[in-house]
Amino acid sequence: MIFQLILFASAIFLYIKIAKPYLLYLKYKKYGNGSFFPIIGEIYEQDKDLKQHYNADYSIQHSLDKDPNQKIFVTNLGYSVKLRLIEPEIIKEFFLKSEYYEKDQTFIQNMKRFLHSGIVFSEGQLWKDSRKLFSPAFHFDYIQKLAPLVNDITDKIFDQAIKNKQLQNFDPIAQIQEITGRVIIASFFGEVIDEDKFQGLTIIQSLSHIINKLGNQTYSFLYFLFGSAYFQLGITQEERKFNRFMTDFNEYLLQKIHKQIESMQLELSTKGQIQNPCILAQLISTNQINQISIDQLFQNFKTFYIAGMDTTGHLLGMTTYYVSQNKEIYAKLQSEIDNNKDQSAHGLSKLPYLNAVIKETLRFYGPGNILFDRIAIKDHELAGIPIKKGTLVTPYAMTMQRNAKYFTDPHSYNPSRWLEKQQNDLHTYAYIPFSAGQRNCIGQHLALLESRIILNKFFQMFDFTCSQDYKLIMSYTFLSEPVNPLPLKLTLRKQ
Ligand code: HEM
């Protein structure tokens, strides 16, 4: 009897977890290509690609090669069926129907242990309120005021690399993340508040430690089995130690924010204005600080740091790598930078080739080219496809931006394509490295400002090559990233 019960329970489990998703997968597959592997689906595909092509995103990037007219690619992840949207019109409709979707919790639960309800992970009124409050501080005109700060921090980090003799083995992603991390801290607080240490680590080191640890946990087998609850419980001593570190660091950072607010309020009341342009100064001087709790402010600071540090660091690190692989591209960019007379942020925004290089890296590899998964919260239709509640539906710029219909020779890195008129007349939704719709990237102006300043300085200060025996292997965690650090060799240029 017990044996029969177990058999029956197993049959139900297999039906719900494997057969039901598979039947749904077959239904969706009428509308596009696809691949299904029970439970691990997309992860299986990425793992296979990593072994076969040294690139976990190979199939994602190449799935339009045979038929560029496909609208969707169907796959599965966990027990859910997933539709990758890979065509501009269906993506446009997706963004217009945003009320039918929320961010799926499966892979973000663990990050939420640290970021709670910051803008990236909140929904509904909470998201609306935060977005409204912070938008002015990320406005194009306001961001331009941060140019001197980005310049200073970039000088400091590059000088430090020279002093510490790191030029012969320069890891551009890690080094540039030092810059982008500091820029976010300073653009929030008005200065790099990194002098004193928490448990022997600077704020940047502590934040990096937390992000890396949470990221590793999320992509582990235990997470797949039990979710973030397993790590929250602190079963091993190591997990308990990490959980304590996170709690104590939160407390430490919160105190810093309190102190900074007090000192800015004092500056405003005694001097009539706050000298350093930053997000806190903006909120205090417009009295908007009263519209947000300190906790919300705090969760958003951490969110901006995590959303902005890694992404921009990867974008620029990968740009140096791709440029190093092609002498012609390198020479063209170098020549434009050497001949430019206007070093202001405005001047750099007018350099055609520098901007084309940044645009091309965002197309070819963009760190945000796979969005967080969205889950349908109601049954509805998308481009005539009936979508069932519970289906994952996510735009994949990583596939769409490799479509030969929109980008000639899409798998080659070619900044010059952006200098052609035809490329600039693209469908608005065919190129969305910062996403689109109301939840597009709030920090895109900051990211572009940083990109121009940092690349400009890098090319002014250094000649560089990438080690001949380096083999680029791209894997995927929260972002697509090289498994082994990019090894650049730098030499100082004559100024
Ligand atoms: C090259 C650099 C960057 C890229 C490629 C990028 C890309 C993106 C993308 C694709 C999204 C949408 C994610 C989704 O909805 O699933 C996003 C959202 C976001 N980004 Fe960025 N980002 C970059 C830099 C930054 C910076 C510098 C900041 C801030 C300091 C930032 C803050 C945010 C925030 C707060 C959101 C959430 C917006 C919302 O949900 O309303 N990002 N970013």
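The following refers to the structure shown. In this text, all values refer to a predicted model and were calculated from it rather than measured experimentally. Think of each chain on its own: its residues are numbered from 1, step by step along the sequence as written. Residue-level local features of this predicted model are given only where pLDDT is at least 70; pairs of side-chain atoms are given and counted only at 80 or more, and the full residue set underlies all totals for whole chains, interfaces and linings. To get the side-chain values, take all heavy atoms of the structure and skip hydrogens and water.

**Here we look at the coordination of the iron atom of the ligand**
For the record, the criterion: Coordinating donors are taken to be N, O and S atoms lying within 2.8 Å of the metal, or within 3.2 Å when the metal is Na, K or Ca; because water is excluded from the atom set, some sites may appear incomplete. Numbering of helices and strands starts at the N terminus; helices are DSSP runs of H or I of at least 4 residues and strands are runs of E of at least 2.
Inspection of the coordination sphere of the iron atom of the ligand shows a single protein donor, Cys 441 (SG), at 2.3 Å. Tracing the sequence through the fold places Cys 441 in the loop between helix H20 (421-424) and helix H21 (444-461).

**Quick word on the packing of helix H16 (residues 327-339) against H21**
Spelled out, the test is: Helix axes use the C-alpha atoms of the stretch in contact, all axes being lines fitted to C-alpha atoms, and the angles between their N-to-C directions lie in the range 0 to 180 degrees. Throughout, the term roughly parallel applies to angles under 35 degrees, roughly antiparallel to angles over 145, roughly perpendicular to angles from 65 to 115, and oblique to all others. Whether two residues are in contact is decided by their heavy atoms, any of which lying within 4.5 Å being enough. Under the convention adopted here, Pro, Cys and the residues Ala, Val, Leu, Ile, Met, Phe, Trp and Tyr are nonpolar, Asp, Glu, Lys and Arg are charged, and Gly plus all remaining residues are polar.
Contact pair H16 / H21: the axes reach a minimum separation of 10 Å and the direction vectors enclose 95°. By the criterion of interaxial angle, the relationship of H16 to H21 is roughly perpendicular. In contact with Tyr 330, Leu 333, Gln 334 and Ile 337 of H16, H21 contributes Leu 455, Asn 456, Phe 459 and Gln 460. Partitioned by chemical class, the residues of the contact of H16 with H21 number five nonpolar, three polar and no charged.

**Thoughts on a nonpolar patch on the surface**
How we decide: Surface patches are defined over residues having more than 30% relative accessible area and no salt bridge, joining like charges when they lie within 9 Å and nonpolar side chains (Val, Leu, Ile, Met, Phe, Trp, Tyr) when within 5 Å. Per-residue and other accessible areas follow the Shrake-Rupley method at a 1.4 Å probe size, with only the shown protein chains counted as cover for residues. We count a salt bridge whenever a side-chain nitrogen from Lys or Arg sits within 4 Å of a carboxyl oxygen from Asp or Glu. Using a 1.4 Å probe on the protein chains alone, a residue whose accessible area is under 20% of its type maximum counts as buried, one over 50% counts as exposed, and one in between counts as partly exposed.
On the surface, a cluster of nonpolar side chains totalling about 680 Å² of accessible area is made up of Phe 8, Ile 12, Tyr 15, Ile 16, Tyr 22, Leu 23 and Leu 26. Its location among the elements puts Tyr 15 in helix H1 (residues 2-28). The exposure class assigned to Tyr 15 is partly exposed, which follows from its relative accessible area of 43%.

**Points about the pairing of strand E8 (residues 392-395)**
Where we set the bar: Strands pair, by our definition, only if DSSP identifies at least two bridges between them.
Neither face of E8 is open: one carries Leu 392 and Thr 394, the other Val 393 and Pro 395, and all of them are buried. Relative to E8, strand E3 (residues 80-85) runs parallel, the two being bridged by four bridges. Paired with Arg 84 across the two strands is Thr 394, which belongs to E8.

**Some details on the pattern of salt bridges**
Pairing of side chains with opposite charge becomes possible as their charged atoms draw close. Inspection of every chain in the model, using the stated rule, returns 15 salt bridges. For Lys 213, the salt bridge identified is with Glu 238, shortest N-O distance 2.5 Å. Within this pair, whereas Lys 213 is found in helix H10 (residues 203-218), its partner Glu 238 is found in helix H13 (residues 237-271), the two being separated by 25 residues in sequence. A salt bridge links Glu 360 to Arg 417, with the shortest nitrogen-to-oxygen separation between them at 3.1 Å. Taken together, the residues span a long stretch of sequence, with Glu 360 in helix H18 (residues 352-364) and Arg 417 in the loop between helix H19 (397-400) and H20 at a distance of 57 residues. You can call Glu 360 buried: its relative accessible area is 0%. Judged by its relative accessible area of 3%, Arg 417 falls in the buried class. Overlapping salt bridges bring together Glu 42, Glu 45, Lys 82, Arg 84 and Asp 373 as one network.

**Some details on the packing of aromatic side chains**
For clarity, the cut-off: Each pair of aromatic rings taken from Phe, Tyr and Trp, with Trp reduced to its six-membered ring, is defined by centres within 6.5 Å and is described as stacked if the planes are under 30 degrees apart, edge-to-face if over 60, and tilted in the remaining cases. For a ring to carry a charge above it, either NZ of a lysine or CZ of an arginine must fall within 6 Å of the ring centroid while also lying within 35 degrees of the normal to the ring plane.
The full count for this structure, using the stated rule, is 40 aromatic pairs. Between the aromatic rings of Phe 459 and Phe 464, the centroid separation amounts to 5.3 Å while the plane-to-plane angle is 80°, which identifies the pairing as edge-to-face. Taken individually, Phe 459 and Phe 464 each receive the classification buried, so the pair is uniform in this respect. Taken together, the ring pairs connect Phe 158, Phe 170, Tyr 330, Phe 458, Phe 459, Phe 462 and Phe 464 into an aromatic cluster. The ring of Phe 242 carries the charged tip of Lys 213 above its face, separated from the ring centre by 5.8 Å. The ring centre of Phe 407 lies 5.2 Å from the NZ or CZ of Arg 363, which sits over that ring.

**Quick look at the site of the ligand**
What counts, and what does not: Only a single heavy atom is needed: when it lies within 4 Å of a molecule or strand, its residue is near that molecule or strand. The term polar contact refers here to a pair of N or O atoms within 3.5 Å; inside protein, the definition further demands a hydrogen-donor-capable atom paired with an acceptor-capable atom, and it admits residues adjacent in sequence only when both atoms are side-chain atoms.
Near the ligand there are 28 residues, and of these Trp 127, Arg 131, Arg 374, Arg 439 and Cys 441 occur at the shortest range. One of the side-chain N or O atoms of Arg 374 is found 2.7 Å from an oxygen atom in the ligand. Secondary-structure elements contributing two or more residues to the shell around the ligand are helix H6 (124-134), helix H15 (294-324) and H21. In terms of residue count, H15 provides more of the shell around the ligand than any other element does, six residues in total. Class assignment for the residues of the shell around the ligand results in 17 nonpolar, seven polar and four charged.

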